[in-house]
Amino acid sequence: MNPFEKIFNYRVTSRMEDTGVFLSTSHERSWLKLMLGHPSAAAAFSGVTLEKLQTLLAQEAPLNLAGDLIHKGSTQEVQVYHPLVRVLRRSIQNHQGIQVSMGLNNGQPGPEQSGLPYRLEYSMVKREWYLLWYSWTRRDFMSIRLQKIAAVCEIPASPELVRTTQAEIQRILESRRQCAVIEILPGYNKELSRILYAFSCFEKEVRYDEEKDSYSISLTYLGNEGEYVLSKMRFLGKRVKIVEGSWLKKRMRESALKALALYQASPDQTQSSQE
Amino acid sequence: MAKESFDKEIQFLRMLVLTSGAYSRQQFAERLGISVHTFDKTLKKLKEVANTLLEQPPEAQGQVFTDAFRSNYYESADPLLLFLFQAKSLKETESLRISRILAALSDNQELTMKDLLDICCSGLDLDSAFPDEKTIRSDLKYLEEVGAVVKGAGPRPYRYRLNNDLVRQLSREELLDLFDFVDIMANTQLPSVQGYLLRDSLKKELVRQDEKKQAIEPFLYKYHYYSRILDEAHLSVLLSAIRGRRKIQFLYFSPKASTSYASQNTNPLFERESSGRTETALPLKIVYDHQYGRWYLLTHSKHQGIRKYRLEGMMQIEEGEAVSGELFLAEKSALEQKISTSWLIDTGRPVTVRAKFLNPQRSSTTRNFVKERVLLQGQWGTITEEAPHFFIYEITVNGTTEIKPWLRSFGSSCEVLAPRQLREELMAEWKEILDYYEPF
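Predicted model only: the values in this text are computed from it and were never measured.

K.L.:
What exactly am I supposed to notice about the domain arrangement of chain B here?
P.N.:
Residue and element names in this part refer to chain B. Once the domains are mapped, chain B shows domain 1 (3-86), domain 2 (92-162), domain 3 (227-256 + 275-339) and domain 4 (350-436). Contact with domain 1, which involves 12 residues of that partner, is made by 9 residues of domain 3. Summed over both partners, the interface of domain 1 with domain 3 buries about 1,100 Å², with 71% contributed by carbon and sulfur atoms. Among the residues domain 1 hides against domain 3, the three largest losses belong to Asp7, Arg14 and Phe85. Together they make up 45% of the total. The residue Arg14 makes a salt bridge to Asp231 at a minimum N-O spacing of 2.2 Å. Our count for the domain 1 to domain 3 interface comes out at 4 residue pairs in polar contact (both at pLDDT 80 or more).

Structure, rendered in structure tokens:
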């Protein structure tokens, strides 16, 4: 079914909101039925709920993609759900503190830390879940892989503590903001669309200089995301150039120097196999 | 609203999101191939829809439109572009009627067409035209078709009720689990528009059930190409054409062209050469490219063989004649064969790429993130040789153009050994990149 059905019209939707009607179409339920077929559904619901949903959707035809839609260039799916997602999302919603012990490499649980969970973040690049939280023990805003958590339990937190911690999180996020300006080399203007798509996952602003017919992109990102910005820059290669952001510039130069050293150090071994 | 107008709005929004504020009104209109007047009108309309749906505080409504789209990553995972799918115009009377019918059917009411006709007539002021039986009948038929209402059991006259078992039969806790599931699946799987629409209604339902506790959204999705949902507008049309083995006709604008849209002028005086081309092809497969977040359609046409189109540039898609089952299957399996070794969609000659990846130089207890990434993203390639400091990765792909950016993204952790040409290209590119940052 077409996603432009008039039932989704914004006037209808906003009027429905006023009357408190819950609306769902067979179009959405078919999608849900398709998704319930994903192995992660078992981790998302209790057995009873999953069965209930399957009964409720028994009459719907599942959305059938039958291999007509394929994915390319993707990261293998490591996990879509993690057992801790359900637990931690409730702690976040209820503004509760948590006590976390991390697993160490030798299999022993590490020291316990307490803090306030902030968000659960799914990395589309690594295809796994991370917990963003403020550790009261370390007095810092941190991100840990759910995979690394050996045990977690909820601990009460006073509203006052929650408020001050949240304010601290905002302050840290704000202070970690970095900005870089990236220029598209004018010779590659024909590839503008591709380049902009590659940057569409960032917070950004684009400027166009009509006289020079050149585009520049101002990216805003958090300090610890610099490595990812760099890998995107290397991905796009000579089409783009960092014009502002000295750390990024320095690292790009290092990359190029080291890569060239690598190629020059090892003589071309392809010759014998080619001839 | 006319189909054409949607094509325009999708292009409009895409350009707005991708270039976020790069162009002046005049430039924007020129590149889109519309007049400045149309630009203003489209912007006004989209603003109105956005304001209704996003419930922006009045002071934010005056903001530049593009600001509304600048994702504030750590705030929310609300897909702002979703509103495009809700922007379809509807006559005021029709939207009023439909929402009255649905509101009347809430509270688990079962009502007949006559009851609903009365309800629709009673609330209207005298100036407006009263709906007749035929109109209500066709509204109900439509609502039943899209699955929003169902006929209750029992003889005529039929009684209708809202199809809202999903929320009626689930407890608050179960509903929260459902919201999470829909949120996560819509954000991590394809297709997603239906999921986003469902997520939206579930979110509102949760807020309604528990007014004190705003349903806060605990999830974020990092490095997510959310503009991909604009291309999903074409998905159902294309899937149904593939399913029906039907050819399609459309106007195509290559993403490399300077304009991306041209208005259909009914008045011949204003007609001008559109820069798009009319294409006819048999659609075979839709490909989503995770490297850039873009969609492709792979087709076959009699004279040109396999053709690839970016969904982004397709407009005015219309279904044409069906082809025979044998022909379709033959072309489809030929295509599958051809793309079995495409890194993305390249159908060129297969070559074997060998690359040496250097392990990070740290103590052995830390993660080998280079190897992890190669294993996760390296598709069907395999590691053929391992040593303490490096490993060799080998893959056979169609051409080297599509895999090159990925190999280059590893920087000095990757050295291409073969083919020789790719090795030389990369060396030359690194030299050029080094020039960009020198002297420093």
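The discussion continues.
K.L.:
Can you walk me through the interface of chain A and chain B in this structure?
P.N.:
Frequently, the measure chosen for interface size is the accessible area that the parts lose on association. Taken together, the contacts link 139 residues of chain A with 160 residues of chain B. Taking both partners together, chain A and chain B bury about 14,100 Å²; carbon and sulfur atoms supply 59% of that area. Linking chain A with chain B are 16 salt bridges, by the criterion used here. Linking chain A with chain B are 63 residue pairs in polar contact (both at pLDDT 80 or more). If one sorts the elements of the side of chain A that touches chain B by residue count, helix α9 (residues 246-265) of chain A sits on top with 14 residues. Sheet analysis places strand β3 (residues 109-123) of chain A next to strand β4 (residues 219-222) of chain B, joined by 4 bridges and oriented parallel. Counted as the bridge partner of Ser123 of chain A is Lys222 of chain B from β4 of chain B.

K.L.:
What exactly am I supposed to notice about the packing of helix α2 (residues 26-36) of chain A against helix α10 (residues 172-188) of chain B here?
P.N.:
Two measures define how a pair of helices packs: the angle their axes make with one another and the distance between the axes. One can describe the packing of α2 of chain A onto α10 of chain B by two numbers: an axis separation of 11 Å at closest approach and a directional angle of 85 degrees. Classified by the angle their axes make, α2 of chain A and α10 of chain B are roughly perpendicular. Contact with α2 of chain A, carried on its side by Trp31, Leu32, Met35 and Leu36 of chain A, involves Leu178, Phe181, Val182, Met185 and Ala186 of chain B of α10 of chain B and no other residues of that element. For the contact of α2 of chain A with α10 of chain B, the class distribution of residues is 9 nonpolar, no polar and no charged.

K.L.:
Is there a simple way to think about the sheet that holds strand β8 (residues 203-209) of chain A in this case?
P.N.:
Consider a sheet: its strands pair through backbone hydrogen bonds, and that pairing is either parallel or antiparallel. All names here are of chain A. Taken in spatial order, the 4 strands make up an open sheet running β8-β9-β7-β10, and their pairing is antiparallel. Edge positions in the sheet fall to β8 and β10 (240-244), since each of these pairs with one other strand and no more. With strand direction ignored, the average angle separating the axes of adjacent strands in the sheet is 30 degrees. Looking at chain direction, strand β7 (residues 177-184) and strand β9 (residues 214-222) are connected through 8 bridges and run antiparallel. When the sheet's bridge partners are listed, Arg177 is paired in β9 with Leu222. In the packing of helix α7 (residues 192-199) onto the sheet, contacts are made with β7, β8, β9 and β10, and the angle to β9 comes to roughly 10 degrees.

K.L.:
Even after reading the chapter, I still don't get the domain arrangement of chain A, so can you show me in this structure?
P.N.:
Annotation of chain A at the domain level lists domain 1 (7-57), domain 2 (83-157) and domain 3 (177-257). Of note, the centres of domain 1 of chain A and domain 2 of chain A, computed from C-alpha atoms alone, are 29 Å apart.

K.L.:
How do you make sense of the environment of Asn189 of chain A when you look at a structure like this?
P.N.:
Residue and element names in this part refer to chain A. Residue position: Asn189 is located in the loop between β7 and α7. A residue is classified by how much of its surface remains accessible, and Asn189, at 16% relative accessible area, is buried. For the pair formed by Asn189 and Tyr118, sequence separation is 71 residues and the distance between their alpha carbons is 41 Å. Beyond its immediate stretch of four places on either side in the chain, Asn189 contacts Ile184, Asp213 and Tyr215.

K.L.:
Can you walk me through helix α6 (residues 92-105) of chain B in this structure?
P.N.:
Counting along an α-helix, one turn takes 3.6 residues, and residues three or four places apart therefore face a common direction. Given a rise of 1.5 Å per residue, 14 residues ought to cover 20 Å, and the 20 Å separating the end C-alpha atoms of α6 of chain B matches this to within 8%. Against α1 (10-19) of chain A together with β1 (111-112), α7 (113-122), α8 (133-145), β2 (149-151) and β3 (159-162) of chain B lie the buried residues of α6 of chain B. Phi for Asp107 of chain B, located one or two positions after α6 of chain B, is positive at around 55 degrees.

K.L.:
Just checking my understanding: could you explain the sheet that holds strand β12 (residues 390-398) of chain B for this structure?
P.N.:
What the 4 strands build is an open sheet, ordered β11-β12-β10-β13 (chain B); its pairing is antiparallel. The sheet terminates laterally at β11 (382-386) and β13 (414-418) of chain B, the two strands that pair on one side only. This sheet shows a mean twist of 30 degrees between the axes of neighbouring strands, independent of strand direction. Inspection of the sheet shows strand β10 (residues 350-358) of chain B paired to β13 of chain B by 4 bridges, in the antiparallel sense. Pairing of Phe357 of chain B across the sheet is with Cys414 of chain B, part of β13 of chain B. Set on the sheet, α9 of chain A makes contact with β10 and β13 of chain B; between it and β13 of chain B the angle comes to about 35 degrees. Against the sheet, helix α15 (residues 369-377) of chain B contacts β10, β11 and β12 of chain B, and its axis sits at roughly 20 degrees relative to β12 of chain B.

K.L.:
Looking at this structure, I do not really get the nonpolar core. What am I missing?
P.N.:
Buried together is how nonpolar side chains tend to be arranged in soluble globular proteins. Judged by nonpolar contacts, the single largest core of 202 residues is most densely connected at Leu32 and Phe199 of chain A together with Phe181, Met314, Phe357 and Leu407 of chain B. Of all the elements, α10 of chain B adds the most residues to this core, at 9 residues. What Met314 of chain B contacts, discounting residues up to four positions off in sequence, is His234, Leu238, Ile248, Phe250, Leu251, Tyr252, Leu297 and Tyr309 of chain B. Within the second largest apolar cluster, 14 residues are counted, among which are Leu116, Tyr134, Ile155 and Ala157 of chain A.

K.L.:
Help me out: how do you make sense of the pairing of strand β8 (residues 305-310) of chain B in this one?
P.N.:
Looking down a regular strand, the side chains alternate between one sheet face and the other. Residue and element names in this part refer to chain B. In this sheet, β8 lies alongside strand β7 (residues 294-301) in antiparallel orientation, the contact comprising 6 bridges. Following the sheet pairing, Tyr296 is matched in β8 by Arg310. The turn linking β7 back onto β8 is made up of 3 residues.

Each value, and the rule that gives it
Residues numbered from 1 in each chain as written. Chains lettered and ligands numbered in written order. Predicted model: local features only at pLDDT ≥ 70, side-chain atom pairs only at ≥ 80, totals over all residues. Heavy atoms only, no water. Domains from an automatic or database assignment. Contact = heavy atoms within 4.5 Å. Buried area = accessible area lost by both parts, 1.4 Å probe. Salt bridge = Lys/Arg side-chain N within 4 Å of Asp/Glu carboxyl O. Polar contact = N/O pair within 3.5 Å; in protein donor to acceptor, adjacent residues only side chain to side chain. Helix = DSSP H or I, 4+ residues; strand = E, 2+ residues; numbered from the N terminus. Pairing = 2+ DSSP bridges. Axes fitted to C-alpha atoms, helices over the stretch in contact; angles between N-to-C directions. Parallel < 35°, antiparallel > 145°, perpendicular 65-115°, else oblique. Nonpolar A, V, L, I, M, F, W, Y, C, P; charged D, E, K, R; others polar. Buried < 20%, exposed > 50% of the residue type's maximum accessible area, 1.4 Å probe, protein only. Expected span 1.5 Å × (residues − 1). Core = buried A, V, L, I, M, F, W, Y, C linked by side-chain atoms within 4.5 Å.

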